[in-house]
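Coordinate inspection notes
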Amino acid sequence: MCNPAERDATILHEALGGLIKDYRALTEVLYLRTSAELLDIRRAYSSSFDRSLEEEIATKIGGSEQKLLLGLLREERIEDDEIDTLEVEADTEDLLSALSNTEEINISVIVRVLTTRSSSHLKDILDRFMKVYGYNFEQILENKTRGAFRVSVTVVMCCAKDSINYYAKTLYESLKGICTDASTLIRIIVTCAETNMKDIKASFSRNYEKQLHDMISSDTMRHFQTFLMLLVGVSHHENILQHLPSLSPC
């Protein structure tokens, strides 16, 4: 268990290391950390891997997704919840115009808005798209974008809308299939264990009518299971007791 900056630097390094990049992990970390935390991550990355994180992204990733990820890393994102209604209106119109081109969407406008605006601001843009134009902005983006850029844009919008629900959904998807996505499962549980795990468990239970620890228990084994259970707040003994058959009183 590293300190948070070293842990996130390791997550990013692993996400960039393979032939297939983990764009969900990259975008998740770069979007959900504050500017101060990103500065610490950049220092930790350089110290641990002898290369700058910015250089790694620039050399290992190309295209529109590179612009978005570098923007998330470089830009000073607004982090307060105060909303400028006029800016929301202007950004909404800019995005609508950027996505309306039948030939090619305007990537620079999308990147500018997603990398410089606060989560509250982006959430208001989503609401305005629906109320004023009758469009589901997330659906438009999904239809107009493709590949890794679509993955990264979708992560940003989902996190802006509700980061707790995003985490709960991602955990559910990592556990629901035949094969457990251990990398995603570990990443989210480890990064959220000491911050918002209680809220994530409540969202998981509410949205999927299952308990997170029950799905972990059925999908994992032995020390790995015990490790994850402790991080989500369930001891080994509690887990055993929860799965014992109920007994009728004498």
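The name that an unreviewed UniProt entry assigns to the protein is Annexin, with the source organism given as Ceratopteris richardii. Regarding the protein, the UniProt comment filed under Sequence similarities (unreviewed entry) reads as follows: "Belongs to the annexin family."

A word on helix α1 (residues 4-17)
Taking 1.5 Å as the rise per residue, α1 with 14 residues should run 20 Å; its terminal C-alpha atoms sit 20 Å apart, in good agreement. Listing the buried residues of α1 in full gives Ala 5, Arg 7, Asp 8, Ala 9, Ile 11, Leu 12, Ala 15 and Leu 16.

Some words on the nonpolar core
Counting 73 residues, the largest nonpolar core has Leu 30, Leu 53 and Ile 189 as the members making the most contacts within it. Looking at this core element by element, the count peaks at 15 residues for helix α10 (residues 147-176).

Things to note about the packing of helix α8 (residues 119-133) against α10
At a minimum axis separation of 8 Å, α8 and α10 run at an interaxial angle of 100 degrees. Judged on the interaxial angle alone, α10 and α8 are roughly perpendicular. Packed against α8, whose contacting residues are Ser 119, Leu 122, Lys 123 and Leu 126, the element α10 presents Val 156, Met 157, Ala 160 and Lys 161 at the interface.

A short note on unusual backbone geometry
Peptide bonds are trans in most cases, and residues, glycine excluded, mostly fall at negative phi. Of note, the phi angle at Asp 50 is positive, near 60 degrees, even though the residue is not glycine. For Asp 50, the location among the structural elements is in the loop between α3 (35-49) and α4 (53-60). Look at Glu 209: it is not a glycine, yet its phi comes out positive at around 55 degrees.

Parameters at a glance
- Along each chain, residues carry numbers from 1 onward, in the same order as the chain's sequence is written.
- Predicted model: local features are reported for residues with pLDDT of at least 70 only, side-chain atom pairs are reported and counted for 80 or more only, and whole-chain, interface and lining totals are derived from all residues.
- The side-chain numbers reported here are obtained from all heavy atoms of the structure, hydrogens and water having been left aside.
- UniProt positions are given in the numbering used here, feature names are shortened, and annotations may be inferred rather than shown by experiment.
- A run of DSSP states H or I qualifies as a helix once it reaches four residues; a run of E qualifies as a strand once it reaches two. Both are numbered from the N-terminal end.
- The span one expects for a helix is its residue count, reduced by one, times 1.5 Å.
- Accessibility here uses a 1.4 Å probe with only protein chains present; expressed as a share of the type maximum, an area under 20% marks a residue as buried, one over 50% as exposed, and anything in between as partly exposed.
- We define a nonpolar core as any set of buried Ala, Val, Leu, Ile, Met, Phe, Trp, Tyr and Cys residues linked to one another through side-chain atoms lying within 4.5 Å.
- To define axes, lines are fitted to C-alpha atoms, for helices over the stretch in contact only, and angles between the resulting N-to-C directions are given on a 0 to 180 degree scale.
- Each angle is binned into one of four classes, with values under 35 degrees roughly parallel, values over 145 roughly antiparallel, values of 65 to 115 roughly perpendicular, and all other values oblique.
- Two residues form a contact once any of their heavy atoms are found within 4.5 Å.

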